[in-house]
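# Structural features, examined
Single-letter residue listing:
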Amino acid sequence: MGKPSRVNQTTLSDFLLLGISELPEEQTLLFVIFLGMYLVTMMGNLLIILAITSDPHLHTPMYFFLANLSITDACFTSASIPKMLVNMHTQSQTISYSGCFAQLYFLLVCGGLDNLLLAVMAYDRYVAICQPLHYSTTMSPRLCALMLSICWVLTNCPALTHTLLLTRVTFCAHKAIPHFYCDPNALLKLACSDTCINELMIITMGLLFLAAPLLLIVLSYVHISWAVFGISSPRGRWKAFSTCGSHLTVVLLFYGSLMGVYLLPPSTHSAERESRVAILYMVIIPMLNPFIYSLRNKDMNEALSKLFGSGKTIFLP
């Protein structure tokens, strides 16, 4: 009684994704913008994957992890944006109970993989710069495959556990999530049962997926900085550190946006602000990554040129 018709038409097992804006007149514009961003993201990451797999010169550990990062970025964006686009197009806000938890699982897996892959890529740059003579033996194909497998296990097991624990939670009648995706913190706020274990799991996953990878990245770049500043030639220092430029840019963008959500005082949080920051690290950064890794990378630029059958490059010095 008295609720909007869209809510009345949902079943008891449905959640409502309130999205970015509830104003009907803004839905068409937002649909076009996010559809365009999604297509650019998918195309850019697909080109990175094709360029790396098709060029033997790029069959190295650094590009192996970059290809996997592109796959993860494409899946990360695909876990949330298509459903948001469907809701905008149909003027609906619903997502089924099973659909919400499936989306949550894939977001946790892909988000965790993003963090761990960035840490592994930082370690790769550390070995390349600080131990160049041992790089080929240290970063062997077997070790690279092992590290990737460990990343998958470390993300899938906690993500699956967290998702299954959430299925045991009893939710209240009002199931409106003030986001465009099934955010775990927002879901817990809708709970009518005890959520202590779930909150502990979120803290554990935060330490595993955010704090630990960030610590490894910082330690890697501290050692890299010491090694680079130990090079007497300014040109040599620039050449050594330039190989880290793309990765460092992505790390700053990714962790900067995450810290904007999780490290600021709770009093500064709002659903609208969190949704905007989520758009940054779930949509915009995966869209920018292919450009960051290709435009200032001569090898990648040449591989893309070969892929298009052109001898021209757009490498930025």
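Residues numbered from 1 in each chain as written. Predicted model: local features only at pLDDT ≥ 70, side-chain atom pairs only at ≥ 80, totals over all residues. Heavy atoms only, no water.

### Comments concerning the state of the cysteines
Under the definition given, this model contains 2 disulfides. Here Cys 100 engages in a disulfide with Cys 182; their sulfurs sit 2.1 Å apart. Given an S-S torsion of about -135°, the disulfide between Cys 100 and Cys 182 has left-handed geometry. You can see Cys 100 sitting in helix 5 (residues 97-130) and its partner Cys 182 sitting in the loop between strand 3 (176-177) and helix 8 (184-189), a full 82 residues away along the chain. (Disulfide = S-S within 2.5 Å. Helix = DSSP H or I, 4+ residues; strand = E, 2+ residues; numbered from the N terminus.)

### Let's talk about unusual backbone geometry
For Gln 91, which is not glycine, the phi dihedral falls at a positive 55°. Of note, Gln 91 is situated in the loop between helix 4 (81-90) and strand 2 (94-95). Its relative accessible area of 35% is what places Gln 91 among the partly exposed residues. (Buried < 20%, exposed > 50% of the residue type's maximum accessible area, 1.4 Å probe, protein only.)

### Concerning the pattern of salt bridges
The final tally for this structure, using the stated rule, is 2 salt bridges. Among the salt bridges present, the one from Lys 306 reaches Asp 55, with a minimum N-O distance of 3.9 Å. Residue Lys 306 is found in helix 13 (residues 298-307), and its partner Asp 55 is found in the loop between helix 2 (24-54) and helix 3 (61-78); the two are separated by 251 residues along the sequence. Relative accessible area serves as the criterion here: at 52%, Lys 306 is assigned to the exposed category. (Salt bridge = Lys/Arg side-chain N within 4 Å of Asp/Glu carboxyl O.)

### Structural notes on the confidence of the model for the protein
Put simply, the protein has an average pLDDT of 83, and 88% of its residues get 70 or more. Model confidence for the protein, summarised as mean pLDDT per element, is weakest for helix 1 (residues 5-8) at 40 and strongest for helix 3 at 94. In the predicted structure, residues 1-11 sits below a pLDDT of 50 and forms 6 contacts with residues beyond four places in sequence or in another chain. Taken together, the stretch residues 311-317 has pLDDT below 50 and engages in 14 contacts with residues farther than four places along the chain or on a different chain. (pLDDT = per-residue confidence, 0-100. Contact = heavy atoms within 4.5 Å.)

### Considerations on the UniProt feature "transmembrane region" (unreviewed entry) in the protein
The sites that UniProt annotates as "transmembrane region" (unreviewed entry) are residues 29-50, 62-81, 101-123, 143-161, 207-229, 241-265 and 277-295. Between the C-alpha atoms that bound residues 29-50 there is a distance of 32 Å. The span itself is 100% helix and 0% strand. The distance from the first to the last C-alpha atom of residues 101-123 is 33 Å, and the span holds 100% helix and 0% strand. (UniProt positions renumbered as here; feature names shortened; annotations may be inferred.)

### Focus: helix 5
End to end, helix 5 covers 49 Å across 34 residues, agreeing with the expected 50 Å (1.5 Å per residue, within 8%). Within helix 5, 26 of the 34 residues are buried, leaving the element largely enclosed by the surrounding structure. (Expected span 1.5 Å × (residues − 1).)

### What about a nonpolar patch on the surface?
Taken together, the side chains of Met 43, Leu 46, Leu 50, Leu 307 and Phe 308 define a hydrophobic patch exposed on the protein surface, amounting to about 480 Å² of accessible area. It is helix 2 that provides the largest number of residues to the nonpolar patch, a total of 3 residues. Note on placement: Leu 307 falls in helix 13. Its relative accessible area of 33% is what places Leu 307 among the partly exposed residues. (Patch = residues over 30% accessible without salt bridge, like charges linked within 9 Å, V, L, I, M, F, W, Y side chains within 5 Å. Areas by Shrake-Rupley, 256 points an atom, 1.4 Å probe, with all protein chains shown as cover.)

### Quick word on the packing of helix 7 (residues 141-167) against helix 9 (residues 196-229)
Here helix 7 crosses helix 9 at 165°, and the two axes come no closer than 10 Å. When the interaxial angle is binned, helix 7 and helix 9 end up roughly antiparallel. Here the hand of the crossing between helix 7 and helix 9 comes out left-handed. Together, Leu 154, Thr 155, Pro 158, Ala 159, Thr 161, His 162, Leu 165 and Leu 166 of helix 7 and Ile 197, Asn 198, Met 201, Ile 202, Met 205, Leu 208 and Phe 209 of helix 9 make up the contact between the two elements. Its residues placed into classes, the contact of helix 7 with helix 9 shows 11 nonpolar, 4 polar and no charged. (Axes fitted to C-alpha atoms, helices over the stretch in contact; angles between N-to-C directions. Parallel < 35°, antiparallel > 145°, perpendicular 65-115°, else oblique. Left-handed = near helix turned anticlockwise from the far one by under 90°. Nonpolar A, V, L, I, M, F, W, Y, C, P; charged D, E, K, R; others polar.)

### What to know about the packing of aromatic side chains
One pass over the structure, following the stated rule, counts 11 aromatic pairs. Centre to centre, the rings of Phe 15 and Phe 171 are 5.2 Å apart; their planes meet at 90°, and the pair counts as edge-to-face. Taken together, the positions of Phe 15 in strand 1 (residues 15-17) and Phe 171 in the loop between helix 7 and strand 3 put the pair 156 residues apart, joining distant regions of the chain. Put simply, the rings of Phe 15, Tyr 97, Phe 101 and Phe 171 pair up and form one aromatic cluster. (Phe/Tyr/Trp six-rings, centres within 6.5 Å; stacked < 30°, edge-to-face > 60°.)

### Here's the deal with the packing of helix 2 against helix 13
Put simply, helix 2 and helix 13 touch, their axes get as near as 9 Å, and they point 90° apart. Judged by the angle between their axes, helix 2 and helix 13 are roughly perpendicular. Contact residues: helix 2 offers Leu 47, Ile 48, Leu 50, Ala 51, Ile 52 and Ser 54, while helix 13 offers Met 300, Ala 303, Leu 304 and Leu 307. Split into classes, the residues belonging to the contact of helix 2 with helix 13 amount to 9 nonpolar, 1 polar and no charged.

### Notes on the sheet that holds strand 1
Reading across the sheet, the 3 strands line up as 2-1-3 and stay open at both edges, with mixed pairing between neighbours. Among the strands making up the open sheet, the edge pair consists of strand 2 and strand 3. Pairing between strand 1 and strand 3: 2 bridges, direction parallel. Of the residues in strand 3, the one forming a bridge with Leu 16 is Ala 176. (Pairing = 2+ DSSP bridges.)

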